Amino acid sequence: MHRQNNNRGRKCRMNPDEKEDRECAPPQAESSPAGGSDREHDETQAENPEASRMKRAAAKHLIERYYHQLTEGCGDGGCSNVGCASSPGFLRTDNNAAAVRSLELYKAGAPLCDPHPSKKGTTSAHVESSALAAAAAAAGGGGGGAEACGNSRVNHRDGGHFVREDFKDVSFLTEDKVYEILALCAAKDDYSPLIRVIGRVFSSAEGLVASFRRTTPPTKEELKSLQGKDEDKDEDEKEVEDQMEEDPPASSSLSHVAGGEGGGGGPTGADEQPWADEVSVDAEAVRRVYARLLSNERVEAAFLNALVYLSPNVECDLTYHNVYSRDPHYLNLFVIVMENSNLHSPEYLEIALPQFCKAMSKLPLAALAKLARLWSRQGAASLRRMLETFQQLITYKVISHEFGGRNLVNDDEAVVGATRCLKILYYADVLGGEVDTGHNEEPDDEPVPESSELTLHELLGEERRNKKGPRVDPLETELGVRASDCRRPLVPFEEFVNEPLNEVLEMDKDYTFFKVETENKFSFMTCPFILNAVTKNLGLYYDNRIRMYSERRITVLYSLVQGQQLNPYLRLKVRRDHIIDDALVRLEMIAMENPADLKKQLYVEFEGEQGVDEGGVSKEFFQLVVEEIFNVDIGMFTYDETTKLFWFNPSSLENEGQYTLIGIVLGLAIYNNCILDVHFPMVVYRKLMGKKGTLRDLADSNPVLFQSLTELLSYEGSVEEDMMITFQISQTDLFGNPLMHDLRENGDQIPVTNDNRKEFVAQYADYVLNRTVEKQFKAFRRGFHMVTNESPLKYLFRPEEIELLICGSRNLDFLALEETTEYDGGYNRDSRIIKEFWETLHSFGDDQKRLFLQFTTGTDRAPVGGLGKLKMIIAKNGPDTERLPTSHTCFNVLLLPEYGTVEKLRERLLKAITYAKGFGML
């Protein structure tokens, strides 16, 4: 249920609240102006110390009310009170100035507005808190007890200890207050007062925001500056300030003047973060309170009911009232609620948690970033607990509903809200891990050439949507960090993937929502961390195909306009014996004349062969090109026998254009959904995503050098005396000749010592991974981006997923392939020949299995997701015969004759896969 804004017709009163003044102030004060100090008043004070204490409490209460009026306002947008923050002409100041101004208004008896109906309880709570503090201080000094202001009843027993019996006026909580109420309830075995307080506070946004605040008292310098602004205060006002200095209220907003946002104070934690990243709630205190209360079943239900009532009001506040911009402390309530360790229980999953997730997703961008920074410092255990809570909600909603084409999971508010909340945790996971925001690759000197042709949108008079490249997540920009910056997150990225969601997601429709970018439809592609590699690859496939079709339509339009026949495909006609020369020369011409043609669908034709390219011919083309390019004899790449990986040859005689063409081939493979048998270290994919190589990247690319450098860093003796190395290193050229290189100017004269060894190691790694291959890699990256520059590749995939996308899965699970294979032409799973076929295939060695994959699909690698995603078809190709099995690699179809014996089946199949090369009509 949403709260109604009843402030529109309310007017300011010209005098303070009479009822509260009569309850809190002694009768003598009524005849004197607020803050007055005439002789009769002083005499009354001297005769009645209790009245003096009560008057100080009342004065403190009024000052706090003025402070709230100056900082928060009354809520009436048309308020005429010039001393109210809700007044249209009011000029906002920082918290220090507001504190000074509140004292001035108190002294002058300035008008006070009616507080917002939802805030009246908060004001009375401040009265009670202040008055009780003064009374407690007097009691500690030997004085007798007295009744406090307001309606609370206080009993005096046990030598001056006060036990409250009625807590109706408690509108916010502190840790001590909770324990006080809990002790009283436990003594009487009646928890109804505690349940009522929890229900009232935890169902009120204002109550939660004011609860469990960290205490940061004003410094002496700040108090002196406040006194200097008003030197002619009377004695009562000075006593109020002295009392605040000696006993600052734990939950008073004035106690945050020094330490609040914009107050100039520093953080209290050890992490030395700026106040902009801090939240004023004491999370540790909240955890302790939950630990005490959630163990009591009678109290636990109160949190659930309160959250059900709270969430719609919070959503309304954030959607329509812009409450966070007026009160940054509004984030406190989200921190407090998320510390509840029972949020994943079934009672919350049905109603309470979905509503709360929906409300949290309404937070503005700055608030989401602030929450991400806060949660990033709470550790892996806390982050994983919240992650599991949101994941459990998504899974529960997915398995309890039937989603399909007509009932999309994108329309489920609970799933969408929880996914948006997961994004906050995802970036908190990145921020809290080992982050390297530096070591970024410099942008290309030459921009990637854009298409000289008009797109379909431009022909229709519309602007091109992705002219500046793929989108970037706004929260990523706000935080200034990317997933590729994180070396090791707090929680593994794989834990953010929700498999049940991936199974029910209609990716074609989700991709449409992603491209249209409407506010009414949510796309899970905007939260790629929750999608597995198979689902994201499908989204990339749709994007590539749509771009191909768009280029094809543009070509047809130009053909009609210009009257000449243009090729709607990227057609490559190559000779099998001269595949590199033919392919790379043709691609070089296309890249120079019109790079937009690279976005067309690839169509490969081998000269003298009859194969029609529906995908299978392209697969073989890419495999043959890769085999030639990575031939060590060509000298473009070096091969490490230990790691079985290739690396750019810094001494290569080939020009940069050749590496650009190799980058184009790699991009075309992704663009045309072909898997390549390439073996690069992970640093290549990180560099493609814009990150430079560092020492950690040597672990897989050059493990021997990595081991040597790490031992150098951990060496306990004298590096200079024992190792006698300098900032000059030795490399070998293409012919094996040694080359010396100085990591610093005159490096041979600079010894490596214990003090500068970190610099030596960093520069050594930078030299090996970046500087020596800078020209080659920049050309390679430029060619890659010529094909993928407008693709959502960077947005969707992390570096390790890029490798999986290009190279496929290395795990060949033929049992999974057997489970997903379909049959046609009279065969079925129970056919004799089919059973014998699988028995034969499972008996093959790894090399023979790869040959079978090559023969059937055009590549010996498993697709993203493993062989279970291949969907191979085995079709009957006549009765027993001497003919060999054949295949349609474009469609992963194996044509298998019904051989009479298993021995004949094995012999015919081995011959077919061993000598299969080229395309012909059998």
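Keep in mind the model is a prediction, meaning the values are calculated, not measured.

Student: Mind laying out the overall build of the chain, listing which residues take part and the relevant values?
Tutor: Tallying secondary structure elements over the chain gives 38 helices and 14 strands in all. When the accessible surface of the chain is summed, it comes to about 43,100 Å², and 50% of that surface belongs to carbon and sulfur atoms.

Student: So what about the pairing of strand β14 (residues 893-896)? Which residues, and what values?
Tutor: Each regular strand shows side chains that alternate between the opposite faces of the sheet. Side chains of β14 alternate between two faces, with V893 and L895 and L894 and L896 buried alike. In this structure, strand β12 (residues 873-876) lies alongside β14, joined through 4 bridges in parallel fashion. Directly across from I873, in β14, lies its bridge partner V893. Relative to β14, strand β13 (residues 886-888) is paired through 3 bridges, and the arrangement is antiparallel. Opposite T886, over in β14, you have L895 as the bridge partner.

Student: Account for the sheet that holds strand β11 (residues 822-824), with residues named and values stated.
Tutor: Strand order in this open sheet of 4 strands is β11-β12-β14-β13, and the pairing throughout is mixed. Here the strands that pair on one side only, and so sit at the sheet edges, are β11 and β13. Put simply, the sheet's adjacent strands are angled 25° from each other on average, direction ignored. In terms of strand pairing, β11 meets β12 through 3 bridges, oriented parallel. Its bridge partner being in β12, D824 is matched across the sheet by A875.

Student: Lay out the environment of V472 with the relevant residues and their values.
Tutor: Tracing the backbone through its elements, the reader meets V472 in the loop between α19 (456-459) and α20 (474-479). A C-alpha to C-alpha distance of 9.0 Å links V472 and K794, two positions 322 residues apart in sequence. In this view, V472 contacts T477 and Y795; residues no more than four positions away in its chain are not counted.

Student: So what's going on with the nonpolar core? Residues and values would help.
Tutor: Within the largest apolar cluster, 184 residues are counted, with the highest numbers of intra-cluster contacts made by F202, F334, W375 and F621. Here this core takes 11 residues from helix α18 (residues 413-432), the largest share from any one element. Apart from residues lying up to four places away in sequence, F202 is in contact with L173, L208, F212, Y290, F303, A306, L310 and I336. Grouped together as the second largest cluster of nonpolar side chains are 25 residues, L817, I833, W838 and A912 included.

Student: I'd like a rundown of the packing of aromatic side chains, residues and numbers included.
Tutor: Applying the stated criterion across every chain, the model contains 34 aromatic pairs. Between the aromatic rings of Y639 and F646, the centroid separation amounts to 4.8 Å while the plane-to-plane angle is 45°, which identifies the pairing as tilted. Here Y639 falls in the partly exposed class, since its relative accessible area comes to 31%. A relative accessible area of 11% places F646 in the buried class. Three or more aromatic residues joined by ring pairs make a cluster, and in this case those are F630, F637, Y639, F646, W647, F648, Y659, F680, F777 and F780. When the ring centre of Y179 is taken as reference, the NZ or CZ atom of R292 above it lies at 4.6 Å.

Student: So what's going on with the packing of helix α7 (residues 192-202) against helix α12 (residues 297-320)? Residues and values would help.
Tutor: The contact between α7 and α12 brings their axes to 8 Å, and the two run at 20°. Classed by the angle they form, the pair α7 and α12 counts as roughly parallel. Crossing of α7 over α12 shows right-handed handedness. Contacts from L194, I195, I198, G199 and F202 in α7 reach R298, V299, A302, F303, A306 and L310 in α12.

Student: Just give me the short version of unusual backbone geometry, but keep the residues and values in it.
Tutor: Positive phi outside glycine occurs at H439, with the angle close to 50°. Following the sequence through the fold, H439 ends up in the loop between β3 (434-435) and α19. Although it is not a glycine, N746 adopts a positive phi angle of roughly 55°. Looking at the secondary structure, you find N746 in the loop between β10 (738-742) and α31 (757-771). Relative accessible area serves as the criterion here: at 48%, N746 is assigned to the partly exposed category.

Student: Give me the side chain of N410: which residues, what numbers.
Tutor: Inspection of the secondary structure assignment puts N410 in the loop between α17 (379-399) and α18. What makes N410 buried here is its relative accessible area of 5%. Among the polar contacts made by the side chain of N410, one reaches the side chain of D510 at a distance of 2.7 Å. Aside from chain neighbours lying at most four places away, what touches N410 is V416, L505, D510, F513, F522, S523 and F524.

Student: Summarise the confidence of the model for the chain; cite the residues concerned and give the values.
Tutor: Looking at the chain, pLDDT values average 77 and 75% of them are 70 or higher. Between the elements of the chain, mean pLDDT differs from a low of 36, seen in helix α5 (residues 120-140), to a high of 96, seen in α18. Counted against residues more than four places away or in other chains, residues 116-164, with its pLDDT under 50, gives 81 contacts.

Student: Can you break down a nonpolar patch on the surface residue by residue, with the values?
Tutor: Taken together, V556, L557, L560 and V561 make up a surface patch of nonpolar side chains, about 410 Å² in accessible area. By the secondary structure assignment, L560 is in helix α23 (residues 533-562). With relative accessibility at 69%, the residue L560 sits in the exposed group.

Here is what the cut-offs are and how they apply
Residues numbered from 1 in each chain as written. Predicted model: local features only at pLDDT ≥ 70, side-chain atom pairs only at ≥ 80, totals over all residues. Heavy atoms only, no water. Helix = DSSP H or I, 4+ residues; strand = E, 2+ residues; numbered from the N terminus. Areas by Shrake-Rupley, 256 points an atom, 1.4 Å probe, with all protein chains shown as cover. Buried < 20%, exposed > 50% of the residue type's maximum accessible area, 1.4 Å probe, protein only. Pairing = 2+ DSSP bridges. Axes fitted to C-alpha atoms, helices over the stretch in contact; angles between N-to-C directions. Contact = heavy atoms within 4.5 Å. Core = buried A, V, L, I, M, F, W, Y, C linked by side-chain atoms within 4.5 Å. Phe/Tyr/Trp six-rings, centres within 6.5 Å; stacked < 30°, edge-to-face > 60°. Lys NZ or Arg CZ within 6 Å of the ring centre and 35° of its normal. Parallel < 35°, antiparallel > 145°, perpendicular 65-115°, else oblique. Left-handed = near helix turned anticlockwise from the far one by under 90°. Polar contact = N/O pair within 3.5 Å; in protein donor to acceptor, adjacent residues only side chain to side chain. pLDDT = per-residue confidence, 0-100. Patch = residues over 30% accessible without salt bridge, like charges linked within 9 Å, V, L, I, M, F, W, Y side chains within 5 Å. Salt bridge = Lys/Arg side-chain N within 4 Å of Asp/Glu carboxyl O.

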